[in-house]
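# A look at the structure
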Amino acid sequence: MLNSSTYYAGAKELESDLAKFMQDIIRIPSLSSEEGAVIERIREEMLHVGFDEVTVDPMGNLLGRIGSGPHVIALDGHVDTVDTGDLSMWDRDPHSGDIEDGILYGRGASDMKGGVASSVYAGALLKKIGIPDNVTLYVTATVQEEDCDGLCWQFIVNEDLLRPDLVVITEPTSLRIYRGHRGRMEMEVNTSGVSCHGSAPERGVNAVYKMAGIIADIEKLNEELEPREPLGKGTVTISEIRSTSPSLCAVADGCTIHLDRRLTVGETEETSVAEILALPSVREAGATVKVLDYAVPSHTGLTYPTRKYYPTWDIDEDDPVMDDAKIAYRAAFGGEPETGFWTFSTNGVATAGMYHIPSIGFGPGHEHFAHAPNEQVEVEHLVRCTAFYTALVETIAGQQGEQK
Ligand SMILES: [Zn+2]
């Protein structure tokens, strides 16, 4: 085990290799379902720094292992990014990987190739100092998160590839320790009508008019949702509306709205569907509600269908894994950590929300740069995360009562 003050020094020694690796993976575009090339580059780096075993699963997730002790810890980061958006909003090429004044720029810098790079280098540091005998560390570089958070972990757990005792979600936390976030789900509400010639609308029933009251009720519902500790208030918004009719000179016979529902504590798929079905306008219109499915092939061609329901999760401030994380933080940096929650959603919806695997968040960069132009991360954050992850593995090994 390192002296407590030397985790940071150990990580700092790796800074230039870590930063170069991060630049490389920023320079490889990796939209969801197009992660093959970046997965290959990360695989190469894991082998280069001495991981014991590196495999790509059938979905295309990369699983790197170090050690073979009974207590299994996973550092998880997704390698897909959203697209660049309007290029005129960027001050430099979104895939430049430029470093200037200690800031590294590019799509994926905060969300979240930085977490992946730091995790791989925590593996490198642990290989150097020796991983404790009672721990197995997995670094999971996972796919399709931007499209369907948690799907990768549904595959990993359901297919018996891995079920860790602790998952660290390495999405950006501004170096705070996070303990959950709101869940989400996607639903459609559908009304039907009877089409007829647009010159005599009184002969038909217009599905769009039937939807009008529902739209007003959903706007009101959003205002009425109650805040609940510790995650605040759920929300609902209409993200799309569309209708069908035999022609543009006819009464619409179908109308559909797409709902983006964010879920706070105690709100589930069942409660949210029931809440929509109970709206007076929905009952009056005889509208139907459907939770949508996700079924898009991964970069390896595997389709693993799931419902678009991503459960809320949070763990207590005084949960034992929070204690371990705080001890590790003090060991790495000497100060007291801040704790908090993400605004957005992560793979924790599966690890913690579906499988109840203890999960915490700690990652480089900042949530407000996610999906934004001029995305960036402090190189110093990458170093600090490498130090923290290494300290966490050794802290947990110590708590398990055995030492190398
Ligand atoms: Zn992310």
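Computed from a predicted structure; not experimentally measured.

Turning next to helix α11 (residues 379-399). For α11, with 21 residues, the first-to-last C-alpha span of 30 Å sits near the 30 Å given by 1.5 Å per residue. Judged by how many residues are buried, α11 sits mostly within the fold: 17 of 21 residues are covered.

Here we take up the sheet that holds strand β5 (residues 103-105). Strand order in the open sheet made by the three strands is β4-β5-β22, with antiparallel pairing throughout. The strands lining the two open edges of the sheet, one partner per strand, are β4 (99-100) and β22 (376-378). Relative to β5, β4 runs antiparallel, the two sharing two bridges. Opposite I99, over in β5, you have L104 as the bridge partner. Sheet strands in contact with helix α2 (residues 15-26) are β4, β5 and β22, and its direction is about 20° off that of β5.

Counting buried residues along strand β6 (residues 135-142), eight of its eight residues qualify, which places the element largely inside the surrounding structure. Here β6 shows a buried face lined by V135, L137, V139 and A141 and a second buried face lined by T136, Y138, T140 and T142. Pairing of strand β2 (residues 62-66) with β6, which is carried by five bridges, proceeds in the antiparallel orientation. In the strand pairing of β6, L63 is matched with T140. Alignment of strand β3 (residues 71-78) against β6, held across eight bridges, turns out to be parallel.

On to the pattern of salt bridges, then. Applying the stated criterion to the full structure yields 26 salt bridges. Ionic pairing is found between K308 and E186, a salt bridge with its closest N-O pair at 3.2 Å. Here the residue K308 occupies a position in the loop between β17 (306-307) and β18 (309-310), and E186 occupies one in strand β10 (residues 183-192), the gap between them amounting to 122 residues. We note that K308, like E186, is buried. A cluster of three or more residues bridged by salt bridges with shared partners is formed by K12, E15, E380 and R384.

Before going further, it helps to examine the nonpolar core. In this structure, I42, V120, W153, I360, F362 and L392 are the most contacted members of the largest nonpolar core, which totals 93 residues. Tallying contributions element by element places α11 first for this core, with 12 residues.

Looking at the metal site, the zinc ion is ligated by H78 (NE2), D111 (OD), E171 (OE) and E171 (OE), spaced 1.9 to 2.6 Å from it. Around the zinc ion sit four donor atoms; with metal-centred angles ranging over 53 to 145°, the donor geometry is irregular. Of the residues examined, E171 reaches a relative accessible area of 2% and is grouped as buried.

Attention shifts here to the side chain of E171. Summarising the element assignment, E171 is placed in the loop between β7 (166-169) and β8 (177-178). There is no salt bridge for the buried E171, and the closest opposite charge comes from R184, which lies 10 Å off by N-O distance. At a separation of 3.2 Å, a polar atom in the side chain of E171 contacts the side chain of H78. The residues contacting E171, other than those within four sequence positions of it, are H78, D111, M112, E145, W342, F344, S345, T346, F362 and G363.

Scoring rules and cut-offs
Residues numbered from 1 in each chain as written. Predicted model: local features only at pLDDT ≥ 70, side-chain atom pairs only at ≥ 80, totals over all residues. Heavy atoms only, no water. Helix = DSSP H or I, 4+ residues; strand = E, 2+ residues; numbered from the N terminus. Expected span 1.5 Å × (residues − 1). Buried < 20%, exposed > 50% of the residue type's maximum accessible area, 1.4 Å probe, protein only. Pairing = 2+ DSSP bridges. Contact = heavy atoms within 4.5 Å. Axes fitted to C-alpha atoms, helices over the stretch in contact; angles between N-to-C directions. Salt bridge = Lys/Arg side-chain N within 4 Å of Asp/Glu carboxyl O. Core = buried A, V, L, I, M, F, W, Y, C linked by side-chain atoms within 4.5 Å. Donors = N, O, S within 2.8 Å, 3.2 Å for Na, K, Ca; no water. Tetrahedral: all angles 85-135°; square planar, octahedral: opposite > 155°, others 65-115°. Lys, Arg positive; Asp, Glu negative; His and termini not counted. Polar contact = N/O pair within 3.5 Å; in protein donor to acceptor, adjacent residues only side chain to side chain.

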